[in-house]
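# Observations on chain architecture
Residue-level listing of the chains:
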Amino acid sequence: QVQLVESGGGLVQPGGSLRLSCAASGRIFSINAMGWYRQAPGKQRELVAVITTRGNINYADSVKGRFIISRDNARNTVDLQMNSLKREDTAVYYCNADVRPTYWGRSGDYWGQGTQVTVSS
């Protein structure tokens, strides 16, 4: 089994910053992409940012220039530094990883439990 554990959510004022962290553990041979998604009330889950093992990164247009994704391949962690936060960034943020559990195994998608980020004055 693979577990993804997130931390770092909370309440922040508009213009403030937060850093989310996610650690993958369990049966892991390799991890391809790791990323962050979010889901606001009444909306579909959407991609925020994703980073591959080689460091290729994609951001949602809405967060470009404000959010920075990074990962530590040795520790199987991925972080999301969120700056200049806006009210519309309020959502539950989910960590995601494309994990290959064994050498012979097939990769699968794994999700964290989610962490709430609320941007409000």
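Anything mentioned here points back to the structure above.
Residues numbered from 1 in each chain as written. Predicted model: local features only at pLDDT ≥ 70, side-chain atom pairs only at ≥ 80, totals over all residues. Heavy atoms only, no water.

In this structure the tally under the stated criterion is 3 aromatic pairs. Pairing Phe-29 with Tyr-103 gives two aromatic rings, centres 5.7 Å apart and planes at 85 degrees, and the pair type is edge-to-face. Placement of Phe-29 in the loop between β3 (18-26) and β4 (30-39) and of Tyr-103 in the loop between β9 (91-100) and β10 (108-111) is noted, with a sequence separation of 74 residues between them. Exposure remark for Phe-29: the relative accessible area of 44% places this residue in the partly exposed category. Seen from their ring centres, Tyr-37 and Trp-111 are 5.0 Å apart, and the 65 degrees between their planes marks the pair as edge-to-face. (Phe/Tyr/Trp six-rings, centres within 6.5 Å; stacked < 30°, edge-to-face > 60°. Helix = DSSP H or I, 4+ residues; strand = E, 2+ residues; numbered from the N terminus. Buried < 20%, exposed > 50% of the residue type's maximum accessible area, 1.4 Å probe, protein only.)

So, about the nonpolar core. One finds Trp-36, Val-48, Phe-67, Val-78, Leu-80, Met-82 and Tyr-93 to be the most contacted residues of the largest nonpolar core, which totals 29 residues. Secondary structure elements with two or more residues in this core: β1 (2-7), β3, β4, β5 (46-51), β7 (67-72), β8 (77-82), β9 and β11 (115-119). (Core = buried A, V, L, I, M, F, W, Y, C linked by side-chain atoms within 4.5 Å.)

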